[in-house]
Amino acid sequence: MLSQLALHGGPKTVQKLFPWPIFDEGEVEAVADVVRSGQWGNPDCTGLVEAFEQEFAKYCGAKYAVSCVNGSVSLRLALIVCGLQPGDEVIVPPYTFIATVSTVIEANGVPVFVDIDPETYNLDATKIEAAITSRTKAIIPVHFAGQACDMDAILDIAGRHKLRVIEDAAHAHGAEYKGRKLGTLGDAGSFSFQSSKNLTSGEGGMVITNDPELYRKMASLRNVGRLPEGQWYDHFLPGCNYRLTPMQAVLLSSQLKRLDDQTRRRDDNGLLLNELLSEIEGITPLSRGHGETVHCHHLYIFKYDPAHFNGLPKNEFVDMLAAEGVPCFRGYPHPLYKQPLFQEKFFMCYALPDSVSYADTVCPVAEQACAEEAVWILQHAMLGTAEDMVAFAKAIRKIQTVVRASEKVPKSV
Ligand SMILES: *Cc1c(COP(=O)(O)O)cnc(C)c1O
C-alpha cells in the first residue's frame, strides 16, 4: 500500500511546479537600466532608493520608510532608536525566525519569551502582562505567516506599561488588521525582502514609522551616522553602511506592482484551503485570528494530528506530502530558546547579563507546534489556482488513506 505514495515510487498527486520569484522583462529591463546608468551605488540614499522608500511608505500608509540591507538590520535599527539600553527586556515569541530575537541581543537587550496562541501561533496577548518587569522596554509582535497579531490587545498593554511596539512584518507585506496595513500599527514596522519573502529583491529590508524622530535616527544609523545637514565626513550617530542598492530598489518597485494581486490570490486560496482541510480528520487549519482583514499567507499553516494518520509522525507525513508535489515544510524544529545560542551562550559578545538563563524557559504551545503539530505550505504554492488547492487536499487524503490501510507506518528516526 505504501508503494502508492510518491515518496515510495507511486504517482505524484500534484504535477505542477510553483515558481518563485515571479518576474518578466519589466524587472529585467528595470535592473538593466540601472546597470547601464553606471549609478550602481547610493551613498546619499537618494534617487531610486529614496523613490522606492516613498512608494513603499505610501503603499503601507506610513509617513516614513528607511530601507536597508535586510529584515534583521531593520529590526535592529528600530530597537536601537526605541531607546533600548543594555539589559532592557524585550518580549518576543519563541515561534519565529531567529532574527526576531537575535537582533534584540545585538541591540544589547534581553529577549523574554512569551508563548504563542494555539489558535494562531502568534504571540499570546493574554500571557504578555505576566512577563512584564520594571526592565521591559518593548514588545515585538511577529505577524507570523502573514497573519495579524492581536494588535488591539498588544497596543493596549503597551500603552498601559509605556512599552514600545516594533512589529516584525517580515512575513506580512500587504496584510491588514482591521483595514490597516501591518507594520503601521506600532512605533515601527520591519520588513524583509529576502528571497523567500512575499516581496523580494533577493535580500533587503525596510522599516516604516510615523514618528519623525525615529525616522531621522534610523535613516542616519543606516548611512554611517550621517545627517542631512552634516558634511560627508561628519558622523553623528553610531551607524554603519546598511544601504540598499538602486538595483534592488527598482526590482522591488516592479515587484510591488504585483503584490496586491498575489496577496489576494493567497488570501482567497487560504480561505479555500481552510474549508477543504477542515473536512479532513486530523487536520486543523489555524484560525483567522483577531481582527484580521487580509492574510497574505507567507505560509499556510495547519495542525497535524498523527492519531488520525495511524500514528505517522509529523516529519514523515511532511516528507510524504512534499513527495506528492505539495511545497511544504515541517517548520522550526524547536522553539528558539532551545537553540544553542540561548542554552549554551558560548560566544556572547553583547551585553546579555550572565545572570540571564533560558535553561528553565518552557513555552508549551510553541513546543507542541514544533514537535508534533505545525505543517507549513509555502507562499509560492499559495499562488496556485483553486484546482491546485483541491489537489493539495487530495494529496493529504491520499496519504491518510494509505497509512490507515497500512499495518505499520515508518516511525521517526
Ligand atoms: C526573514 C525574517 C526576518 C529577517 O529577515 P532577513 O531579511 O532574512 O534578515 C525577520 N523576522 C522574520 C519573522 C523573518 O521571517
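Just so it is clear, the model here is predicted, and its values are computed rather than measured.

1. Section: the sheet that holds strand β2 (residues 89-92)
Reading across from one edge, β1-β9-β8-β5-β4-β2-β3 is the order of the seven strands in this open sheet, with mixed pairing throughout. Every interior strand has two partners, whereas the edge strands, β1 (64-68) and β3 (110-113), have only one. On average, each strand axis in the sheet is tilted by 25 degrees relative to the strand beside it, whichever way the strands run. Bridging between strand β5 (residues 164-168) and strand β8 (residues 188-192) involves three bridges; their strand directions are parallel. Note that in β8 the partner of Glu167 across the bridge is Gly189.

2. Digging into the site of the ligand
As a matter of local geometry, the ligand sits amid 15 residues, with Gly71, Ser72, Asp168, Ser192 and Lys197 nearest to it. Between Ser72 and the ligand, the recorded distance is 2.5 Å, taken from a side-chain N or O atom to an oxygen atom. Between the ligand and Ser192, the relevant distance is 2.7 Å, taken from an oxygen atom to a side-chain nitrogen or oxygen of the residue. For the ligand, whose unbound accessible area comes to 380 Å², protein coverage reaches 92%.

3. Side note on the nonpolar core
Grouped together as the largest cluster of nonpolar side chains are 51 residues, with contacts concentrated most on Tyr95, Phe113, Phe144 and Ile301. In terms of residues, this core owes the most to one element, helix α3 (residues 71-81), which gives six residues. If we skip the residues at most four places from it in the chain, Tyr95 touches Ile116, Tyr121, Phe144, Tyr332, Ala366, Ala369, Cys370, Ala374 and Trp376. If you look at the next biggest cluster of nonpolar residues, it comprises 42 residues, including Ala131, Met151, Ile208 and Leu259.

4. Regarding the UniProt feature "modified residue: N6-(pyridoxal phosphate)lysine" (unreviewed entry) in the chain
Taking the UniProt record as the reference, the feature "modified residue: N6-(pyridoxal phosphate)lysine" (unreviewed entry) is found at Lys197. Among the secondary structure elements, Lys197 is positioned in the loop between β8 and β9 (205-209). Judged by its relative accessible area of 11%, Lys197 falls in the buried class. Setting aside anything within four residues of it in sequence, one finds Lys197 in contact with Trp20, Ala170, His171, His173, Ser192, His298 and Gln379.

5. Quick word on helix α2 (residues 47-60)
Since the α-helix packs 3.6 residues into each turn, any two residues three or four apart lie on the same face. Spanning 14 residues, α2 covers 20 Å between terminal C-alpha atoms, matching the ideal 20 Å at 1.5 Å per step. Of all the positions in α2, only Val49, Phe52, Glu53, Phe56, Ala57, Tyr59 and Cys60 are classed as buried. Projected down its long axis, α2 carries its buried residues within an arc of 160 degrees, all on one side. Facing away from the buried surface of α2 by more than 90 degrees, the exposed residues are Gln54 and Lys58. In the core, the buried residues of α2 are packed alongside β1, β7 (180-181), β8, β9, α6 (212-222) and α7 (246-278). Taken from the residues just after α2, Gly61 is the one with a positive phi, measuring 80 degrees.

6. Focus: the packing of α3 against α6
Two elements in contact, α3 and α6, have axes separated by 9 Å at closest approach and are oriented at 130 degrees. When the interaxial angle is binned, α3 and α6 end up oblique. Note on packing geometry: the crossing formed by α3 with α6 is right-handed. Residues Leu77, Ala78, Ile80 and Val81 of α3 touch α6, and the partners they reach there are Leu214, Lys217, Met218, Leu221 and Arg222. Broken down by class, the residue content of the contact of α3 with α6 amounts to seven nonpolar, no polar and two charged.

7. Concerning the side chain of Asp124
Tracing the chain through its elements places Asp124 in the loop between β3 and β4 (136-139). Looking at Asp124, the relative accessible area reads 9%, which means it is buried. Discounting residues that sit within four places of it in the chain, Asp124 has contacts with Val114, Asp115, Ile116 and Asp117.

8. Remarks on the sheet that holds strand β10 (residues 283-285)
Taken in spatial order, the four strands line up as β10-β12-β14-β13 in an open sheet, and their pairing is antiparallel. The open sheet terminates on both sides in strands that have one partner only, identified here as β10 and β13 (328-329).

9. Comments concerning the environment of Arg266
Checked against the element boundaries, Arg266 lands in helix α7. With a relative accessible area of 0%, Arg266 lands in the buried category. Spatially, the C-alpha atoms of Arg266 and Thr133 are 39 Å apart, while their sequence positions differ by 133 residues. At a separation of 2.9 Å, a polar atom in the side chain of Arg266 contacts the side chain of Gln379.

10. Points about the pairing of β5
The buried fraction of β5 is high, at four of five residues. Of the strand pairs in this sheet, β4 and β5 are connected by two bridges, and their pairing is parallel. If you follow Ala138 over to β5, its bridge partner there is Arg164. A crossover links β4 with its parallel partner β5, the connecting element being helix α5 (residues 151-161), and its sense is right-handed.

11. Some points on unusual backbone geometry
With an omega of 0 degrees, the peptide bond between Trp20 and Pro21 qualifies as cis. Along the chain, the position of Pro21 falls in the segment before α1 (25-37). Phi at Asn310 is positive, roughly 55 degrees, even though this residue is not glycine. Considering the arrangement of structural elements, one finds Asn310 in the loop between β12 (299-304) and α8 (314-323). A relative accessible area of 29% places Asn310 in the partly exposed class.

12. Things to note about the packing of aromatic side chains
Taken as a whole and judged by the stated rule, the model has 23 aromatic pairs. Look at Tyr64 and Tyr215: their rings are 4.5 Å apart centre to centre, the planes differ by 15 degrees, and that puts the pair in the stacked class. Of this pair, Tyr64 sits in strand β1 while Tyr215 sits in helix α6, and the two are 151 residues apart along the sequence. Here Tyr215 falls in the partly exposed class, since its relative accessible area comes to 26%. Here the guanidinium or amino end of Lys181 rests over the ring plane of Tyr59, the centre of that ring lying 4.8 Å away.

The rules behind the values
- In every chain, residue numbers begin from 1 and rise along the written sequence.
- Totals for whole chains, interfaces and linings use every residue, but because this is a predicted model, local features are given only for residues with pLDDT of at least 70 and side-chain atom pairs only at 80 or more, for both listing and counting.
- In computing side-chain values, all of the structure's heavy atoms are included and hydrogens and water are not.
- For two strands to be treated as a pair, DSSP must find no fewer than two bridges joining them.
- Each helix corresponds to a stretch of at least 4 residues labelled H or I by DSSP, and each strand to a stretch of at least 2 residues labelled E; elements are numbered beginning at the N terminus.
- Axes here mean lines fitted to C-alpha atoms, for a helix over just the part in contact, with angles spanning 0 to 180 degrees between N-to-C directions.
- Any residue with a heavy atom lying within 4 Å of a molecule or strand is counted as near it.
- As used in this structure description, the phrase polar contact means that two N or O atoms lie within 3.5 Å; if the pair is within protein, one of them must be able to donate a hydrogen and the other to accept it, and residues adjacent in sequence are counted only when both atoms belong to side chains.
- To measure how exposed things are, a 1.4 Å probe is used in the Shrake-Rupley method; for residues, cover is taken only from the protein chains shown.
- The set of buried Ala, Val, Leu, Ile, Met, Phe, Trp, Tyr and Cys residues whose side-chain atoms join them within 4.5 Å is what this entry labels a nonpolar core.
- Buried residues are those whose accessible area, probed at 1.4 Å on protein chains only, stays under 20% of the maximum for their type, while exposed residues exceed 50% and partly exposed ones sit between those limits.
- We call two residues in contact when some of their heavy atoms are within 4.5 Å.
- UniProt positions are given in the numbering used here, feature names are shortened, and annotations may be inferred rather than shown by experiment.
- Multiplying 1.5 Å by the residue count of a helix minus one yields the expected span of that helix.
- Each C-beta atom gives one direction from the helix axis, and the arc is the one those directions make.
- Throughout, the term roughly parallel applies to angles under 35 degrees, roughly antiparallel to angles over 145, roughly perpendicular to angles from 65 to 115, and oblique to all others.
- Each helix crossing is assigned a hand: it is left-handed if the near helix lies turned anticlockwise from the far helix by less than a right angle, otherwise right-handed if that turn is clockwise.
- Put simply, Ala, Val, Leu, Ile, Met, Phe, Trp, Tyr, Cys and Pro go in the nonpolar bin, Asp, Glu, Lys and Arg in the charged bin, and everything else, Gly too, in the polar bin.
- For a crossover, the right-handed case is the one in which the path from the first strand over the helix to the second runs clockwise, viewed with the strands pointing away from the viewer.
- Whether two aromatic rings pair depends on their centres lying within 6.5 Å, for rings of Phe, Tyr and Trp, where Trp uses its six-membered ring; planes under 30 degrees apart make the pair stacked, over 60 edge-to-face, and the rest tilted.
- Two conditions define a charge sitting above a ring: the NZ of Lys or the CZ of Arg must be within 6 Å of the ring centre, and it must be within 35 degrees of the ring normal.

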